[in-house]
Amino acid sequence: MIESDVAIIGGGPGGYVAAIRAAQLGLKVALVEKEALGGTCLNRGCIPTKALIRGVELLDAIRNAEEYGIAVAGVSTDFQKMMARKEAVVKRLVGGLEAVLLSHNIRIVRGVATLVSATEVEVAGEAKENIKARNVILAPGAVSAPIPAPGAQSPDILDSQAALSLGEIPKSLAIIGAGVIGVEFATIFARLGSSVTLLEALPKVLPQEDAEITSILEKSLRKIGIGIHTSAQVTRITDVPAGKSISFTVNGQPKEIQAQRVLAAVGRRPNTEGLGLDRLGIATEKGFIKVNERLETSLPGVYAVGDAVGGLQLAHKAFAEGEIAAENAAGQKTAMDYRVIPRCIYTIPEAAAVGMSEAEAREAGHDVQVGRFPLAGSGKATVLGETRGLVKVVADGDTGEILGVHICGPQATELIHEAVLVMNLEGTVEDLAAAIHAHPTLSEAVREAALDSRGLAIHMPARRRGAN
Ligand code: NAD
């Protein structure tokens with residue numbers, strides 16, 4: 001029997017951060033993981049996909065080099081080598097994470113955990129071992145959701161994990177679901193020469209994101225040859241000699257495409273099977289573990305964090321929840337604040353957002369003022385040769401409070417953090433614009449967009465009166 005103050009089930013972003021925070025607070029921690037430390041993010045998600053996108057970005061730069069007066073001959077890609085580098089990046093980070101955990105004296109227990117009671121966890125590993133703990137934190141993550149159509153459960157339909165282990169670039173790839181996974185994988189494989197088609201059930205790609213931003217992104221996806229069908233309801237997937245045939249309807253009209261491989265990217269469901277939730281009467285909603293703002297489940301002393309509790313399924317949201325759950329397990333009284341969580345999409349160009357879209361802000365009853373700054377007006381973007389894109393600021397017209405910021409363009413995933421900081425402090429467009437921004441930088445575009453919400457952008461033609 002292992003004795004600890006807190007037992008954590010799952011070594012992904014939610015679980016490992018909870019473990020480190022609990023250790024910082026002086027708790028004795030046991031962390032159970034059945035596979036590699038780092039969870040989906042590190043092993044099968046954020047990191048490996050970004051490692052591949054980095055290669056694709058370099059390829060793009062080389063392909064465009066001539067425009068800059070650089071002659072490059074004989075460009076070719078070696079997919080195996082790209083995949084090997086991706087593996088090396090993952091291995092290095094997993095190793096680093098293990099070292100950090102061990103430096104905090106966190107006991108890593110390898111095996112599959114089941115909750116026996118609110119204070120006991122059974123681990124089936126090489127040997128059976130039980131952990132006795134005052135508190136338990138559940139961080140089991142999520143797994144790909146199946147496509148609800150006949151033929152879609154076939155084992156040769158890829159999920160994002162399987163797509164990251166492919167031995168070769170598929171000649172053609174149909175991706176079902178144009179959410180974040182869909183558009184990121186479409187970017188990778190289309191740039192590597194695959195003929196990619198995206199099928200999205202809702203009327204636009206990235207349905208939750210601001211329409212102006214997704215329209216720019218959709219155009220750039222189409223420009224690199226990605227076929228996009230929106231409002232597409234998949235009705236059946238069948239085997240054909242060339243791979244798979246996908247039947248779908250668009251506004252009632254039947255259509256069909258064929259592709260060598262199919263990737264399912266229609267969302268992720270909580271990975272709670274076998275955890276013992278039902279037996280202990282831990283409440284769930286649509287499979288997600290129900291928690292209060294302190295991240296405590298319906299069973300006192302048992303907390304839950306990350307993808308399995310629902311909401312945004314993002315590593316950094318799980319990080320934040322892990323910290324809060326650990327603090328509460330250590331006897332503090334802290335609550336999660338979900339107001340300001342950035343959303344980053346690693347396409348080319350990138351997209352990123354925080355807070356409300358323009359439509360959401362209007363629905364919430366704000367007197368909305370919108371500021372825009374197209375990157376075509378940015379000195380730095382022009383120098384970079386990357387002028388496709390826009391910064392859009394959604395503000396409350398009365399107070400100037402920034403309600404949302406939406407960016408499409410180079411480094412969007414870094415630029416968004418200026419908005420995150422201002423919004424976290426409940427700052428206004430005036431607060432943001434009062435800060436002197438260095439020139440030439442992409443960050444200036446964020447300031448210009450904030451100014452534009454008041455009709456005061458500097459590096460832009462004067463606004464027509466009344467336009468917003
Ligand atoms: P998602 O919810 O982002 O997108 C799923 C998409 O599939 C939606 O647009 C939905 O309308 C569509 N869809 C659902 N059922 C469909 C059907 N039957 N046919 C066609 N389309 C259908 O989910 P995801 O892309 O699978 O990603 C899972 C989670 O992982 C998300 O929460 C996402 O935010 C997260 N993730 C984040 C990043 C990042 O932060 N860069 C990257 C990858 C994944």
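Since the structure is predicted, the reported quantities are computational estimates derived from the model, not experimental observations.

**Some remarks on the nonpolar core**
- Core analysis: the largest hydrophobic core is formed by 37 residues, its most contacted members being Ile175, Phe189, Val196, Leu198 and Ile226.
- For this core, the secondary structure elements donating two or more residues are α3 (46–63), α4 (79–103), β8 (172–176), α6 (180–191), β9 (195–199) and α7 (211–223).
- It is α6 that provides the largest number of residues to this core, a total of six residues.
- Ignoring any residue separated from it by four or fewer positions in sequence, one finds Val196 in contact with Leu173, Ile175, Ala186, Phe189, Ala190, Gly225, Ile226 and Gly227.
- Membership of the second largest hydrophobic core comes to 30 residues, among which are Val6, Leu27, Leu97 and Leu295.

**So, the packing of helix α1 (residues 13–24) against α4**
- Two elements in contact, α1 and α4, have axes separated by 9 Å at closest approach and are oriented at 30°. The orientation of α1 with respect to α4, classified from their angle, is roughly parallel. Between α1 and α4 lies a crossing of left-handed hand. Each of Tyr16, Ala19 and Ile20 in α1 lies in contact with α4, whose residues at this interface are Leu97, Val100 and Leu101.
- Considering only residue class, the contact of α1 with α4 consists of six nonpolar, no polar and no charged.

**Points about the sheet that holds strand β23 (residues 402–409)**
- If you trace the five strands from one edge of the open sheet to the other, you get β19-β20-β23-β22-β21, paired in antiparallel fashion. Among the strands making up the open sheet, the edge pair consists of β19 (343–345) and β21 (368–374). On average, each strand axis in the sheet is tilted by 10° relative to the strand beside it, whichever way the strands run.
- Here six bridges tie strand β22 (residues 390–396) to β23, and the two strands are oriented antiparallel to one another. Each residue of the ladder has a partner; that of Val393, found in β23, is Val405.
- The strands touched by α7 are β20 (350–355), β21, β22 and β23; relative to β23, the strand with the most contacts, the crossing angle is about 5°.
- Contacting β19, β20 and β23, helix α11 (residues 412–424) crosses the sheet at an angle of about 10° to β20.

**Observations concerning the side chain of Thr413**
- With respect to the helices and strands, the residue Thr413 is situated in helix α11.
- A polar contact is formed between the side chain of Thr413 and the side chain of Glu350, at a distance of 2.7 Å.

**So, the sheet that holds strand β12 (residues 243–250)**
- The sheet built from three strands is open, its strands ordered β11-β12-β13 with antiparallel pairing. Two strands in the sheet have a free side with no partner beyond their single neighbour: β11 (232–240) and β13 (253–259). Averaged over all neighbouring strand pairs, the angle between strand axes comes to 20°, with direction disregarded.
- Both β11 and β12 contribute to a ladder of eight bridges, which runs antiparallel. Note that in β12 the partner of Val234 across the bridge is Phe248.

**Thoughts on the domain arrangement of the protein**
- Each assigned domain of the protein is listed here: domain 1 (2–143 + 269–329), domain 2 (160–266) and domain 3 (349–452).
- Centre-to-centre separation of domain 1 and domain 3, based on C-alpha positions: 31 Å.

**With respect to the packing of aromatic side chains**
- In total, this model carries three aromatic pairs according to the counting rule given.
- Each ring, one from Phe185 and one from Phe189, has its centre 6.4 Å from the other, and the planes form 15°; the classification is stacked. Placement of the pair is Phe185 and Phe189 together in helix α6, with a separation of four residues, close to one helical turn. Comparing Phe185 with Phe189, the two get one shared label, buried.
- Members of the aromatic cluster, joined through ring pairs, are Phe79, Phe185 and Phe189.

**A few points about helix α13 (residues 444–452)**
- Taking burial as the measure, the nine residues of α13 include eight buried ones, the bulk of the element.
- Those residues of α13 not exposed but buried are Glu444, Ala445, Val446, Glu448, Ala449, Ala450, Leu451 and Asp452.
- In the core, the buried residues of α13 are packed alongside β21, β22, β23, α11 and α12 (429–434).

**Structural notes on α7**
- Over its 13 residues, α7 extends 18 Å from the first C-alpha to the last, a length consistent with the 18 Å expected when each residue adds 1.5 Å.
- Buried residues of α7: Ile213, Thr214, Leu217, Glu218, Ser220 and Leu221, and no others. Axial view of α7: buried residues confined to an arc of 165°, hence all on one face. Opposite its buried face, α7 presents the exposed residues Lys219 and Lys223, each directed more than 90 degrees away.
- Contacts from the buried residues of α7 go to α6, β9, β10 (227–229), β20, β22 and β23.
- Sitting at the head of α7, Asp210 places a side-chain oxygen 3.1 Å from the backbone nitrogen of Glu212.
- Directly after α7, the chain includes Gly225, whose backbone phi takes a positive value near 90°.

**Brief notes about the packing of α3 against α4**
- Across the interface, α3 lies against α4 with an axial gap of 9 Å and an inter-helix angle of 135°. Looking at the two axes, α3 sits oblique to α4. The hand of the α3/α4 crossing is right-handed. Counting all contacts with α3, which are made through Ile47, Pro48, Ala51, Leu52, Gly55 and Val56, the residues of α4 involved are Met82, Met83, Arg85, Lys86, Val89, Val90 and Leu93.
- Considering only residue class, the contact of α3 with α4 consists of 10 nonpolar, one polar and two charged.

**Quick word on the side chain of Ser453**
- Examined against the element boundaries, Ser453 turns out to sit in the segment after α13.
- Among the residues examined, Ser453 registers a relative accessible area of 3% and is labelled buried.
- Separated by 2.6 Å, the side chain of Ser453 and the backbone oxygen of Ala450 make a polar contact.
- Excluding anything up to four places from it in sequence, Ser453 contacts Gln369, Val370, Gly371, Ala395, Val429 and Arg463.

About the criteria used
- Residues numbered from 1 in each chain as written.
- Predicted model: local features only at pLDDT ≥ 70, side-chain atom pairs only at ≥ 80, totals over all residues.
- Heavy atoms only, no water.
- Core = buried A, V, L, I, M, F, W, Y, C linked by side-chain atoms within 4.5 Å.
- Buried < 20%, exposed > 50% of the residue type's maximum accessible area, 1.4 Å probe, protein only.
- Helix = DSSP H or I, 4+ residues; strand = E, 2+ residues; numbered from the N terminus.
- Contact = heavy atoms within 4.5 Å.
- Axes fitted to C-alpha atoms, helices over the stretch in contact; angles between N-to-C directions.
- Parallel < 35°, antiparallel > 145°, perpendicular 65-115°, else oblique.
- Left-handed = near helix turned anticlockwise from the far one by under 90°.
- Nonpolar A, V, L, I, M, F, W, Y, C, P; charged D, E, K, R; others polar.
- Pairing = 2+ DSSP bridges.
- Polar contact = N/O pair within 3.5 Å; in protein donor to acceptor, adjacent residues only side chain to side chain.
- Domains from an automatic or database assignment.
- Phe/Tyr/Trp six-rings, centres within 6.5 Å; stacked < 30°, edge-to-face > 60°.
- Expected span 1.5 Å × (residues − 1).
- Arc of directions from axis to C-beta.

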